[in-house]
Amino acid sequence: MAKVLEGLYYSESHEYVKVEGDFGFIGITDFAQNALGNVVYVDMPEVDDEVEAGEEFGAVESVKAASDLISPVSGTVVEVNEALEDEPELVNKDAYENWIIKVEIADTTELDNLMDAKAYEEFCNR
């Protein structure tokens, strides 16, 4: 069973948001990295790029497949996880510790459209 952490928000496309103040750390869930297999490349936006909820902001490539990254919230990218440029496999080691982008969230009401840990677990078990 994939690890699901309490206190995060989850999307149906298997991204999570960890909210700290006005900022959200966005990455892929443990379920997603497990399904992808060994991650070999993470395509990330640039700092100051705008991301829109429900729209693609990058991609994760593994030895098995490539998967688009869909932003769970809208906002401005304030930081990218540069460690993933050299070591994309960090996503496999701990998907929640190794977020992909940090955004300044434009509209926190968008979080209401996401799942909590319990709902996400049920979603994954369907």
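Residues numbered from 1 in each chain as written. Predicted model: local features only at pLDDT ≥ 70, side-chain atom pairs only at ≥ 80, totals over all residues. Heavy atoms only, no water.

### Comments concerning the overall build of the chain
Note the following rule: Secondary structure elements follow DSSP: runs of H or I of four or more residues count as helices, runs of E of two or more count as strands, with numbering from the N terminus. Burial classes: relative accessible area under 20% of the type maximum marks a residue as buried, over 50% as exposed, and values in between as partly exposed (1.4 Å probe, protein chains only).
Summing up its helical and strand segments, the chain has four helices and nine strands in all. Tracing the chain from N to C terminus, the helices and strands come up as β-β-β-α-β-β-β-β-β-α-α-β-α. Counting only C-alpha atoms, the chain reaches 35 × 35 × 20 Å along its principal axes. Per-residue burial over the chain gives 48% buried out of 126 residues.

### Quick look at the nonpolar core
One broad trend across soluble globular proteins is that nonpolar side chains are buried collectively. For clarity, the cut-off: In this description, a nonpolar core means a group of buried Ala, Val, Leu, Ile, Met, Phe, Trp, Tyr and Cys residues linked to one another through side-chain atoms lying within 4.5 Å. Contacts: residue pairs with any heavy atoms within 4.5 Å of one another.
Within the largest apolar cluster, 24 residues are counted, with the highest numbers of intra-cluster contacts made by Ile-28, Val-42, Val-60, Val-73, Ile-100, Ile-101 and Val-103. Of all elements in the fold, only β3 (23–28), α1 (30–36), β4 (39–43), β6 (56–62), β8 (75–80), α3 (90–93) and β9 (101–105) reach the threshold of two or more residues within this core. Here this core takes three residues from β9, the largest share from any one element. What Ile-28 contacts, discounting residues up to four positions off in sequence, is His-14, Glu-15, Tyr-16, Gln-33, Leu-36, Val-60, Leu-69, Val-91, Ala-95 and Ile-100. Counting residues in each nonpolar core, the second largest holds 12 residues, with Tyr-10, Met-115, Ala-117 and Tyr-120 among its members.

### Observations concerning the sheet that holds β9
Stated precisely, the cut-off is as follows: Strands qualify as paired when DSSP identifies two bridges or more between them.
Read across the sheet, six strands follow the order β1-β2-β3-β9-β8-β5 without closing on themselves; strand pairing throughout is antiparallel. A single partner strand is all that each edge strand has here, and the edge strands are β1 (9–10) and β5 (50–51). Of the pairings in the sheet, the one linking β8 to β9 comprises five bridges and is antiparallel in character. The residue of β9 that forms the bridge with Gly-75 is Ile-105.

### Remarks on the sheet that holds β6
The strands making up a sheet associate through hydrogen bonds between their backbones, and the pairing can be parallel or antiparallel. Going by this rule: Interaxial angle, 0 to 180 degrees, is taken between N-to-C directions of lines fitted to C-alpha atoms, where a helix line uses only the stretch in contact.
Read from one edge to the other, the open sheet built from three strands follows the order β4-β6-β7, with strand pairing classed as antiparallel. Edge positions in the sheet fall to β4 and β7 (66–70), since each has one partner strand and no second. The mean angle between the axes of side-by-side strands here comes to 20°, regardless of whether they run parallel or antiparallel.

### Some remarks on the packing of aromatic side chains
For clarity, the threshold we go by: We call Phe, Tyr and Trp rings a pair once their centres come within 6.5 Å, taking the six-membered ring for Trp, and we label the pair stacked below 30 degrees between planes, edge-to-face above 60, and tilted otherwise. Two conditions define a charge sitting above a ring: the NZ of Lys or the CZ of Arg must be within 6 Å of the ring centre, and it must be within 35 degrees of the ring normal.
Across all of its chains, the model carries five aromatic pairs by this definition. Between Tyr-10 and Tyr-120, the ring centres sit 4.5 Å apart and the planes meet at 10°, which makes this aromatic pair stacked. Of this pair, Tyr-10 sits in strand β1 while Tyr-120 sits in helix α4 (residues 117–124), and the two are 110 residues apart along the sequence. The ring of Phe-25 has Lys-18 sitting right over it, with the charged end atom 5.7 Å from the ring centre.

### Focus: a nonpolar patch on the surface
Defined as follows: Patch membership requires more than 30% relative accessible area and the absence of a salt bridge. Residues of like charge join within 9 Å; the nonpolar side chains Val, Leu, Ile, Met, Phe, Trp and Tyr join within 5 Å. We get accessible surface area from the Shrake-Rupley algorithm with a probe of 1.4 Å; when it comes to residues, only the shown protein chains can shield them. Any carboxyl oxygen of Asp or Glu within 4 Å of a side-chain nitrogen of Lys or Arg constitutes a salt bridge here.
Among the surface-exposed residues, Val-40, Tyr-41 and Val-63 lie close enough to one another that they form a single nonpolar patch of about 290 Å² accessible area. Inspection of the secondary structure puts Val-63 in the loop between β6 and β7. Given a relative accessible area of 61%, Val-63 falls into the exposed group.

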